[in-house]
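# Breakdown of the fold
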Amino acid sequence: MKAQRVTRTSSSGTPKELMLRTYQRAVFSTLFLGYACYTYNRKSVSYAMPTLLASGLITTATVGAITSCQNTAYAISKFLGGVLSDRISARVLFAMGLALSGGSTLLFSRTEDARLWALLWFANGFAQGAGWPACAKLLKKWFSPANFGTWWSVLTASSNVSGTASPLIAAYVIVHHGWSASLILAGLVSIMMAGVSLVALVDDPAHAHLPDPTASSRPSPPTKPKQDKGVTTNNTNMTVKDLARSPFLWVVSVSYMVVFCSKTALSDWGQIYLIEELGRSQMQASSFTSAIETGGFIGGILAGVITDKMARRLRIVGNVRLMVAAGFMVACAVGLHLLCYLLSPQSSQLLVSAVGVLLGASMFGPISIYGIVASESFPAHLSGTAHAVVALAANVGAVVAGWPLSWVARTYSWNGVFLLLEILAASSVLLILVSRRIHITLKAKEQ
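Residues numbered from 1 in each chain as written. Predicted model: local features only at pLDDT ≥ 70, side-chain atom pairs only at ≥ 80, totals over all residues. Heavy atoms only, no water.

### As for the overall build of the protein chain
Of the regular secondary structure elements, the protein chain holds 16 helices and zero strands. Looking at the protein chain as a whole, 50% of its 447 residues are labelled buried. When contacts within the protein chain are restricted to residue pairs at least 6 apart in sequence, those whose partners lie at least 24 apart make up 85%. Of the roughly 19,900 Å² of accessible surface on the protein chain, 67% is carried by carbon and sulfur atoms. (Helix = DSSP H or I, 4+ residues; strand = E, 2+ residues; numbered from the N terminus. Buried < 20%, exposed > 50% of the residue type's maximum accessible area, 1.4 Å probe, protein only. Contact = heavy atoms within 4.5 Å. Areas by Shrake-Rupley, 256 points an atom, 1.4 Å probe, with all protein chains shown as cover.)

Structure (structure tokens):
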């Protein structure tokens, strides 16, 4: 019996390793559910807007103002959240954001003053920015770099899962209990999840006296780096000023801005294009948006799995993950071209949805990859700040997808908008390819 016990322990790991896996599952599950709650809360008012408009409690202009308040606050706080994640407990930051966003949603449900609504939704957007930077920090602490991309991409899928389920939940509650009850539910779920996060999350395996999961991935000190493997940046003495001067960071930021601009444009304007230009019904246009979300779920997870496998096996000039992102962006450019020149009022709904799936997969894949690259390519004490910089660039792209692209549509056409996005997507591919020599490559790839 004793011999059998020894064999089982050795085959499955030491007690410390088994405990580490248990903690990893608990941390990841909490982050997955918690970020799904972030997404549910962030969109809760959008689900209630049709009812508020129909009841006369709000106007279209007010809807725009409230949405702009949230987006502006979210852009600012996501940057600040990344910086804060390098300075305070990521566990506390994650839970605090959930609690504050939930509280603002509860207060929103208890008033009918448009000015207070705008103020409260600004507060909601500001609290939302704490979510993903804390996720990125905790993932880097708890999971091996060898599988980091896979875990990251699966976690991003929590947003797609929430985006699929929460509209149905909200619609049911609004129909049976009213718009206020729908917001109360979203707020309470977030606040309860904040409490769970404080209990279930741990900032660092060392705090639980567990082994470092990244240690097994660390190679012995390499010999002189080869010049064709890119730039290495594992320097613990690196400062914020050094980070700001990194050309690699700006390559990632510009690429992230382009793909996020495309994603936001298709989310915001895709339905309008199909209705106004292609004569589609509201239901058909909504199906196109759902197809983008479905493709995004597939593409986001696929990107992480592919990049992890390729990073372990390939030795190429440049960052492997960025080269995969370039491949996805080629598919994105193709999808945008098909949207402009293949789809017509006579196109079948199956073809329209297929283009939507292609666009969703090709956009959410790079969105996942750029975040991974920014977090893993710089020293741990600056990973949150690096992610904050590229996230800020992405939010700039989201802002550009609003009024500026609507001006392009009014001046030229919707085809002009999507042709411009196609050119930008192709340009980002060229940027990644011509800048391969400055790509950061992990030292593990240099042996």
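### Concerning the side chain of Ser-435
Tracing the sequence through the fold places Ser-435 in the segment after helix H16 (414–434). Polar contacts involving the side chain of Ser-435 include one to the main-chain carbonyl oxygen of Ile-432, which spans 3.4 Å. (Polar contact = N/O pair within 3.5 Å; in protein donor to acceptor, adjacent residues only side chain to side chain.)

### A look at helix H2 (residues 15–54)
With 40 residues, H2 extends 60 Å between its outermost C-alpha atoms, agreeing within 8% with the 58 Å of an ideal straight helix rising 1.5 Å per residue. Immediately downstream of H2, the backbone of Gly-56 shows phi near 80 degrees, a positive value. (Expected span 1.5 Å × (residues − 1).)

### Concerning the pattern of salt bridges
Taken as a whole and judged by the stated rule, the model has three salt bridges. The salt bridge partner of Asp-113 is Arg-115, with a shortest N-O separation of 3.7 Å. Owing to a relative accessible area of 27%, Asp-113 belongs among the partly exposed residues under this scheme. One salt bridge in this structure joins Lys-141 and Asp-204, with 3.4 Å as the shortest N-O distance. Taken together, the residues span a long stretch of sequence, with Lys-141 in helix H6 (residues 131–142) and Asp-204 in the loop between helix H8 (179–200) and helix H9 (240–244) at a distance of 63 residues. A residue is classified by how much of its surface remains accessible, and Lys-141, at 32% relative accessible area, is partly exposed. (Salt bridge = Lys/Arg side-chain N within 4 Å of Asp/Glu carboxyl O.)

### Re the nonpolar core
Ranked by internal contacts, the top residues of the largest apolar core, which has 60 residues, are Leu-339, Tyr-370 and Phe-418. Broken down by secondary-structure element, the contributors of at least two residues to this core are helix H10 (247–276), helix H11 (282–313), helix H12 (320–341), helix H13 (349–376), helix H14 (383–400), helix H15 (403–411) and H16. Per-element tally for this core: the top contributor is H10, with 13 residues. Discounting chain neighbours no more than four positions away, the residues touching Phe-418 are Leu-266, Tyr-273, Leu-336, Leu-339 and Cys-340. Formed by 31 residues, the second largest nonpolar core is a distinct cluster that contains Cys-37, Trp-132, Leu-138 and Val-202. (Core = buried A, V, L, I, M, F, W, Y, C linked by side-chain atoms within 4.5 Å.)

### Points about the confidence of the model for the protein chain
Taken as a whole, the protein chain shows an average pLDDT of 82; of its residues, 88% reach a score of 70 or greater. For the stretch residues 218–233, pLDDT sits under 50, and the model shows 33 contacts to residues farther than four places along the chain or on other chains. (pLDDT = per-residue confidence, 0-100.)

### Considerations on the environment of Phe-143
Of note, Phe-143 is situated in the loop between H6 and helix H7 (148–177). Separated by 119 residues in sequence, Phe-143 and Gln-24 have C-alpha atoms that sit 7.6 Å apart. Those residues in contact with Phe-143 that lie beyond four places of it in its chain are Gln-24, Phe-28, Trp-151, Pro-213 and Thr-214.

### Considerations on H7
The end-to-end C-alpha separation of H7 is 42 Å, in line with the 44 Å expected for 30 residues at 1.5 Å each. Ala-165 marks where H7 bends most, by close to 30 degrees; the proline Pro-167 follows one to four residues later. Positive phi shows up at Gly-178, right after H7, with a value of about 100 degrees. (Bend = angle between axes of the 7 residues up to and from the residue.)

### Focus on the packing of H2 against helix H4 (residues 90–109)
When two helices pack together, their arrangement is captured by the angle between the axes and the distance separating the axes. Where H2 meets H4, the axes come as close as 10 Å, and the angle between the chain directions of the two elements is 30 degrees. Looking at the two axes, H2 sits roughly parallel to H4. In this structure, the crossing between H2 and H4 has a hand that is left-handed. The segment H2 lies against H4, with Thr-30, Leu-31, Gly-34, Tyr-35, Cys-37, Tyr-38, Asn-41, Ser-44 and Val-45 engaging Leu-93, Phe-94, Gly-97, Leu-98, Ser-101, Gly-102, Thr-105 and Phe-108. Its residues placed into classes, the contact of H2 with H4 shows nine nonpolar, eight polar and no charged. (Axes fitted to C-alpha atoms, helices over the stretch in contact; angles between N-to-C directions. Parallel < 35°, antiparallel > 145°, perpendicular 65-115°, else oblique. Left-handed = near helix turned anticlockwise from the far one by under 90°. Nonpolar A, V, L, I, M, F, W, Y, C, P; charged D, E, K, R; others polar.)

### Regarding the packing of H2 against H7
H7 packs onto H2 with a crossing angle of 40 degrees between their chain directions and a minimal axis gap of 7 Å. Judged on the interaxial angle alone, H7 and H2 are oblique. In this structure, H2 crosses over H7, and the sense of that crossing is right-handed. Classifying every residue of the contact of H2 with H7 by side-chain character gives 17 nonpolar, seven polar and one charged.

### Some remarks on a nonpolar patch on the surface
Together, Leu-84, Ile-88, Val-92, Met-96, Leu-100, Leu-198 and Val-199 line one region of the surface with nonpolar side chains, adding up to about 600 Å² of accessible area. Put simply, the parts of the chain that give the nonpolar patch at least two residues each are H4 and H8. Ranked by residue count, the leading element in the nonpolar patch is H4, at three residues. Its location among the elements puts Leu-100 in helix H4. (Patch = residues over 30% accessible without salt bridge, like charges linked within 9 Å, V, L, I, M, F, W, Y side chains within 5 Å.)

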